[in-house]
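Structural description and commentary
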Amino acid sequence: MLVMVGIKLVQQKPFKSTFQSIYVIRRLRFLRKKWEEDKKEDGTKWRFLEHKGPLFAPPYDLLPENVKFRYDGKVMKLSQDAEEVAGFYARMLDHDYTTKSTFNNNFFTDWRKVMTHEESKIIKDLSKCDFKEMQQYFLSVSEKNKNRTKEEKAELKAKNEEIQKEYGFCTIDGHKEKIGNFRIEPPGLFRGRGEHPKMGMLKRRVMPEDVLINCSKDSKVPKPPPGRKWKEVRHDNTVTWLASWTENVQGQAKYVMLNPSSKLKGEKDWQKYETARNLHKCIDKIRETYRADWKAKEMRIRQRAVALYFIDRLALRAGNEKDDDQADTVGCCSLRVEHIELHKEKDGKEYVVVFDFLGKDSIRYYNEVPVEKRVFKNLEHFMENKKDSDDLFDRLTTQTMNEHLKELMPLLTAKVFRTYNASITLQRQLDELTDPDATVPEKILAYNRANRAVAILCNHQRAVPKGHSKSMEALKEKIQAKRDLIDEAESEYHDAARAAKRGSVKEKLACDKKKKALERLKEQLMKLELQETDRDENKTIALGTSKLNYLDPRISVSWCKKHGVPIEKIYNKTQRDKFRWAIDMAGPDYVF
DNA sequence: ACCCCAACTTAGGAAGAAATAC
DNA sequence: GTATTTCTTCCTAAGTTGGGGT
């Protein structure tokens, strides 16, 4: 596989700018050499791995003496642990979380566990706790931090860079690579999304004794803090993580891993898009197959075929089963009867399925979808004699779905459809929406619209930014002001033109100037109007997630190269770092 | 067949930094 | 210069997937 990468790289088209092509050729040669040297076909991920270990959260700072906690109106001095946990809650007093009884109950139960015996004898009712002074104190501290002088800021920045330099990088197979998350998660209250049964529980402080270190045998093993021990040091080169620990709320493993800009992550990402491109080659066949399976005798197969149709057409997630100590969310395979409604006819359309459920992160998915009659009839059948809370696809799991997909194409799984449909949609929308003669801002709007089509397909939502309507109004005012200016400039230009007609060189020059000024204003107006459209259309849609995780970056890169749009207009610094491989690889003619 | 876990990708919101408006 | 808005980065929760155990 990795040898193929090398070949693929050298076959790429020449690039436009000399600077770039020299750089690219050198880089390609380098990459190919490296990748051949590093070739690992046995499932091992590295041969050498060295790092400094994770950075622990700073120790707890006691509150100043004058900051009081009160219980039932009376001042009470808390023990260190109780005070720290109280502080976690105090910081969140303005947050919506503290209005939820699940959050409050979980917090209170866990808080009482860290209290001394005496404290827990007194503090028995959360509503009698007064955290106001603590909250005020934390607010004042962050206010003070905001008002730091230039020098203080510079000093802080320098310190952080020092830390980044020491902990932020590792050496892997001879390369220095950036680490993604080298900081151990600090203690706090668990912020589960949606109606999470565990929200508000105490996430306790992670100690060196909780931490597993992974590095190579012949590396300098990271040292635990003085007088402390790691839980374990292992040398497992079949995995990519550098350190891990188990978080106490959900019992999940947490990992320190490489930054997306790293070669290891980049190659994986590249491979993901190659799999999606492979799907493109057999998608017609697969669609034929599942349509045929709508008629299958076996229920199991019909359910699988209808579910796959949803995964393909609606870009739904696979939908694993979830425990009831997690928020109740679903994906395709875990849909329940209560999540869809069937309408023989709705708003003039036949056979409409209305989806309404909470997906990942408890984001609502609502969609009215006209479907083939056969799909509709199947759904009716699946729902017969079932309660609302029963599984729609009771004969189907993500495992059996993925096993089936493996047979249709190597490496095919449910999520590949999301990647594929996202990327192909971007490519098609870009083709459709890009006017080659348009200005760069217009092209960028076209790009964002294409991106938006994908975000809508994948249901990537966000909360309406606060102050959205206000900022829209401000923008509208600005536009009106600009229009007035243009009117003014127009009449000035007309006057100047008349003067220039019979006037001297001087008047002609003045007229030219007016003309230029008018054009500049018009251009500014257009920019503003584009911004207005863009912002309003984006109100509840998040473009970042699809850009970062679903869109083959080579599509965007080639579009930029083809249409003379600087790549910086599409990808910011972080994104350019992550997609370095694609920026180097894809020429203007790349096709997904 | 089913369950569970490890490892990895995908996700929205918070916090911080930078840009722009005033 | 300061306040406000917008963009970027950080954070970590919440998914998917494959594999191993029973």
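All of the points below concern the structure found in this document. The structure displayed is predicted, hence computed values, not measured ones. (Residues numbered from 1 in each chain as written. Chains lettered and ligands numbered in written order. Predicted model: local features only at pLDDT ≥ 70, side-chain atom pairs only at ≥ 80, totals over all residues. Heavy atoms only, no water.)

Attention shifts here to the protein's contact with DNA strand C. Taken together, 30 residues form the shell around DNA strand C, and within it Lys-254, Gly-319, Lys-322, Lys-406 and Thr-574 come nearest. Within 4 Å of the protein, the atoms of DNA strand C are drawn from sugar and phosphate moieties in a proportion of 89%. Within the contact set of DNA strand C, a phosphate oxygen lies 2.7 Å away from a backbone nitrogen or oxygen of Arg-193. One nitrogen or oxygen atom from the side chain of Asn-402 is found 3.0 Å from a phosphate oxygen belonging to DNA strand C. (Near = heavy atom within 4 Å. Polar contact = N/O pair within 3.5 Å; in protein donor to acceptor, adjacent residues only side chain to side chain.)

The next subject is the protein's contact with DNA strand B. Contacts to DNA strand B come from 27 residues, most closely from Lys-265, Lys-272, Lys-360, Arg-418 and Tyr-550. At 3.0 Å from a phosphate oxygen of DNA strand B is found a side-chain nitrogen or oxygen belonging to Thr-240. One nitrogen or oxygen atom from the side chain of Tyr-550 is found 2.8 Å from a phosphate oxygen belonging to DNA strand B. Where the surface near DNA strand B is concerned, the elements lending two or more residues are α8 (263-293), α12 (414-433) and α16 (544-549). Sorting elements by how many residues they give to the surface near DNA strand B places α8 first, with three residues. (Helix = DSSP H or I, 4+ residues; strand = E, 2+ residues; numbered from the N terminus.)

What follows covers the sheet that holds strand β10 (residues 232-234). Reading across the sheet, the four strands line up as β10-β9-β11-β12 and stay open at both edges, with mixed pairing between neighbours. The two strands at the open ends of the sheet, each matched to only one other strand, are β10 and β12 (253-256). Adjacent strand axes in the sheet meet at a mean angle of 20°, parallel and antiparallel pairs treated alike. Note: strand β9 (residues 212-214) against β10, three bridges, orientation parallel. Looking at β10, one finds that Ile-213 is bridged to Val-233. (Pairing = 2+ DSSP bridges. Axes fitted to C-alpha atoms, helices over the stretch in contact; angles between N-to-C directions.)

Generally speaking, a soluble globular protein has its nonpolar side chains buried in company with each other. Residues Leu-279, Phe-310, Leu-316, Phe-355, Leu-379, Phe-393 and Phe-417 are the most contacted members of the largest nonpolar core, which totals 74 residues. Residue contributions to this core reach at least three from each of two domains, namely domain 4 (265-410) and domain 5 (413-463 + 540-592). Among all residues touching Phe-355, those that are not within four sequence positions of it are Phe-310, Leu-314, Leu-316, Leu-335, His-339, Ile-340, Tyr-365, Tyr-366, Asn-367 and Val-369. By size, the runner-up hydrophobic cluster in this structure holds 29 residues, among which are Phe-69, Ile-123, Cys-129 and Met-199. (Core = buried A, V, L, I, M, F, W, Y, C linked by side-chain atoms within 4.5 Å. Buried < 20%, exposed > 50% of the residue type's maximum accessible area, 1.4 Å probe, protein only. Domains from an automatic or database assignment. Contact = heavy atoms within 4.5 Å.)

What follows concerns the packing of aromatic side chains. For the structure on display, the rule yields 26 aromatic pairs. Residues Tyr-290 and Tyr-309 carry aromatic rings whose centres are separated by 6.2 Å and whose planes lie at 65° to one another, so their mutual orientation is edge-to-face. Placement of the pair is Tyr-290 in helix α8 and Tyr-309 in helix α9 (residues 299-314), with a sequence separation of 19 residues. Judged on exposure class, the residue Tyr-290 and its partner Tyr-309 are both buried. Ring pairs connect the aromatic residues Tyr-290, Trp-294, Tyr-309, Phe-310, Phe-355, Phe-357, Tyr-365, Phe-382 and Phe-393, which therefore count as one cluster. One Lys or Arg, Arg-91, reaches over the ring of Phe-138 and ends 3.9 Å from the middle of that ring. The aromatic ring of Phe-169 is capped on one face by Lys-176, whose charged end is 4.8 Å from the ring centroid. (Phe/Tyr/Trp six-rings, centres within 6.5 Å; stacked < 30°, edge-to-face > 60°. Lys NZ or Arg CZ within 6 Å of the ring centre and 35° of its normal.)

Here we take up the sheet that holds strand β4 (residues 129-130). With antiparallel pairing, three strands are arranged side by side in an open sheet as β3-β2-β4. Whereas interior strands pair on both sides, the edge strands pair on one side only; in this sheet they are β3 (74-76) and β4. Both strand β2 (residues 69-71) and β4 contribute to a ladder of two bridges, which runs antiparallel. Within β4, the position partnered with Tyr-71 by the bridge is Cys-129.

Relative to β12, strand β11 (residues 243-246) runs antiparallel, the two sharing four bridges. Counterpart to Ala-243 in the pairing with β12 is Val-256.

Close approach of charged atoms allows side chains of opposite charge to pair. Following the criterion strictly, the structure yields 33 salt bridges and no others. The shortest N-O distance in the salt bridge between Lys-146 and Glu-143 comes to 3.9 Å. Taken together, the positions of Lys-146 and Glu-143, both in helix α6 (residues 132-146) and three residues apart, correspond to about one turn of that helix. Residue classification places Lys-146 among the exposed positions, given a relative accessible area of 59%. A residue is classified by how much of its surface remains accessible, and Glu-143, at 40% relative accessible area, is partly exposed. Look at the salt bridges and you will find they share partners, linking Glu-274, Arg-277, Asp-552 and Arg-554 into a network. (Salt bridge = Lys/Arg side-chain N within 4 Å of Asp/Glu carboxyl O.)

What follows deals with the packing of α8 against α9. Axis separation between α8 and α9 bottoms out at 8 Å; the angle between their running directions is 140°. Classified by the angle between their axes, α8 and α9 sit oblique to one another. Where α8 crosses over α9, the two elements pack in a sense that is left-handed. Seen from α8, the contacting residues are Ile-283, Ile-286, Arg-287, Tyr-290 and Asp-293; seen from α9, they are Ile-301, Arg-302, Arg-304, Ala-305, Leu-308, Tyr-309 and Asp-312. (Parallel < 35°, antiparallel > 145°, perpendicular 65-115°, else oblique. Left-handed = near helix turned anticlockwise from the far one by under 90°.)

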